[in-house]
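Here's the letter readout for the chains.
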Amino acid sequence: MTMKNPVLLPFLLVGAILIMSTRVTHAQKAGTQSPQRFAATVTREVHLSYLLYLPKDYKEDTEKRWPLMLFLHGAGERGSDLNRVAVHGPPKLIRQGTNFPFIVVSPQCPTDERWRAEDLIRLLDHVCFHYAVDTNRIYLTGLSMGGFGSWSLASLYPERFAAVAPICGGGEVIDVLLAPQKRREAYKNLGIWAFHGAKDPVVPLSESERMVSAFKRAGCQEVELTVYPEAQHDSWTETYTNPKLYEWFLKHSR
């Protein structure tokens, strides 16, 4: 079936990180240590292409604000061919004719790279500026490498999302446990529903278990892990074809 209401958009992000400080100029005596500072300017260009899905009724009500789902694919779909992004998950269902009641943004990670949280946040800012997005109802999900990306975004930018569903992923527990207080407060209002196959030979189930435990310890009040007893790495097909996932997303608002 043909894809309904898709938009294929290349997106250029230019990010600049400016590190400013002063250099200690006094003489250094051999055999001693003294405080020093380093100053540099770092500029990095970011190129992201993505699939954009708009609900079928998007243009009928110009005042309405729509929920948004950000979908992150796995390592096998990296590259420059956007058709690969629609191999799994929500983009695949859209291509098959599914109509979602929210905007779906599905970026493609460049070859040999991984998801960078700061790049995805800039993409999210871009989409929220140009489209009618309800910023209190932004949802996040991803599989495998995209599951890692989902955990990372949830760890570092919890205030941006109402609910997150990482699938067969993992993350940096230390980012959660050592999060500043403001971020820990945002964890309290974040819904998390993780999924993993018990027999996953690629990303062990323990990866999801560690992240779930960390968010609970950090104060997250809604954290759930669904384990498929017989599933291996593909725990996403059953998850994304389950209507209850999308019903769960839509119950959440920041």
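Residues numbered from 1 in each chain as written. Predicted model: local features only at pLDDT ≥ 70, side-chain atom pairs only at ≥ 80, totals over all residues. Heavy atoms only, no water.

1. Describing the pattern of salt bridges
With the rule as written, the count across this model stands at seven salt bridges. Notably, a salt bridge pairs Arg44 with Glu118, separated by 3.5 Å at the nearest N-O pair. Here Glu118 lies in helix 2 (residues 117-130) and Arg44 lies in strand 2 (residues 40-53), a separation of 74 residues in the sequence. Assessed through its relative accessible area of 28%, Arg44 is described here as partly exposed. A salt bridge links Asp134 to Arg137; the nearest nitrogen and oxygen atoms lie 2.9 Å apart. Connected through salt bridges with shared partners, the residues Arg44, Glu118 and Asp119 form a single ionic network. (Salt bridge = Lys/Arg side-chain N within 4 Å of Asp/Glu carboxyl O. Helix = DSSP H or I, 4+ residues; strand = E, 2+ residues; numbered from the N terminus. Buried < 20%, exposed > 50% of the residue type's maximum accessible area, 1.4 Å probe, protein only.)

2. So, the packing of helix 2 against helix 3 (residues 145-156)
Running from N to C, helix 2 and helix 3 point in directions that differ by 80°, and their axes come no closer than 10 Å. Here helix 2 is positioned roughly perpendicular relative to helix 3, judged by the angle of their axes. On helix 3, the residues touching Ala117, Leu120 and Ile121 of helix 2 are Ser152, Leu153 and Leu156. In terms of residue class, the contact of helix 2 with helix 3 is built from five nonpolar, one polar and no charged. (Axes fitted to C-alpha atoms, helices over the stretch in contact; angles between N-to-C directions. Parallel < 35°, antiparallel > 145°, perpendicular 65-115°, else oblique. Contact = heavy atoms within 4.5 Å. Nonpolar A, V, L, I, M, F, W, Y, C, P; charged D, E, K, R; others polar.)

3. Overview of unusual backbone geometry
The phi dihedral of Asp112 falls on the positive side, at around 65°, and the residue is not glycine. Relative to the elements of secondary structure, Asp112 occurs in the loop between strand 4 (103-108) and helix 2. By relative accessible area, Asp112 is classed as exposed at 69%. At Cys168, a residue that is not glycine, the phi angle is positive and equals roughly 40°. Along the chain, Cys168 turns up in the loop between strand 6 (163-167) and helix 4 (173-177).

4. Some thoughts on the side chain of Glu77
Structurally, the position occupied by Glu77 is in the loop between strand 3 (66-72) and helix 1 (89-95). No salt bridge forms around the buried Glu77; measuring N to O, its nearest opposite-charge neighbour Arg84 is 6.2 Å away. Only 3.1 Å separates the side chain of Glu77 from the backbone nitrogen of Gly74, close enough to count as a polar contact. Setting aside its immediate chain neighbours within four residues, Glu77 contacts Arg84, Val87, His88, Gln108 and Leu143. (Lys, Arg positive; Asp, Glu negative; His and termini not counted. Polar contact = N/O pair within 3.5 Å; in protein donor to acceptor, adjacent residues only side chain to side chain.)

5. Describing helix 8 (residues 243-250)
Regarding helix 8, the residues found buried are Leu245, Tyr246, Trp248 and Phe249. All buried residues of helix 8 lie within an arc of 155° about the axis, which places them on one face of the element. Exposed positions of helix 8 whose direction lies more than 90 degrees from the buried face are Pro243 and Lys244. A side-chain oxygen of the first residue of helix 8 lies 3.0 Å from the backbone nitrogen of Lys244; this N-cap is Asn242. (Arc of directions from axis to C-beta.)

6. A word on the pairing of strand 7 (residues 191-197)
On any regular strand, side chains alternate: one points to one face of the sheet, the next to the other face. For strand 7, the tally of buried residues reaches seven of seven residues, placing the bulk of the element in the interior. Burial along strand 7 is two-sided: Gly191, Trp193, Phe195 and Gly197 facing one way and Ile192, Ala194 and His196 facing the other are all buried. Bridge analysis of strand 6 against strand 7 gives three bridges, and the strand direction is parallel. From the neighbouring strand, Ala163 faces strand 7, where its bridge partner is Gly191. When strand 7 meets strand 8 (residues 222-228), the two strands line up parallel, connected through seven bridges. Residue pairing in the sheet places Ala194 in a bridge with Leu225 of strand 8. Since strand 7 and strand 8 lie parallel, the crossover through helix 6 (residues 205-217) that links them has a hand, and here it is right-handed. (Pairing = 2+ DSSP bridges. Right-handed = clockwise from strand over helix to strand, strands pointing away.)

7. Digging into the confidence of the model for the chain
Summing up the model confidence of the chain, the mean pLDDT is 91 and the portion of residues at 70 or higher is 90%. Throughout residues 14-24 the model reports pLDDT below 50, and contacts reaching past four residues in sequence, or to other chains, amount to 24 contacts. (pLDDT = per-residue confidence, 0-100.)

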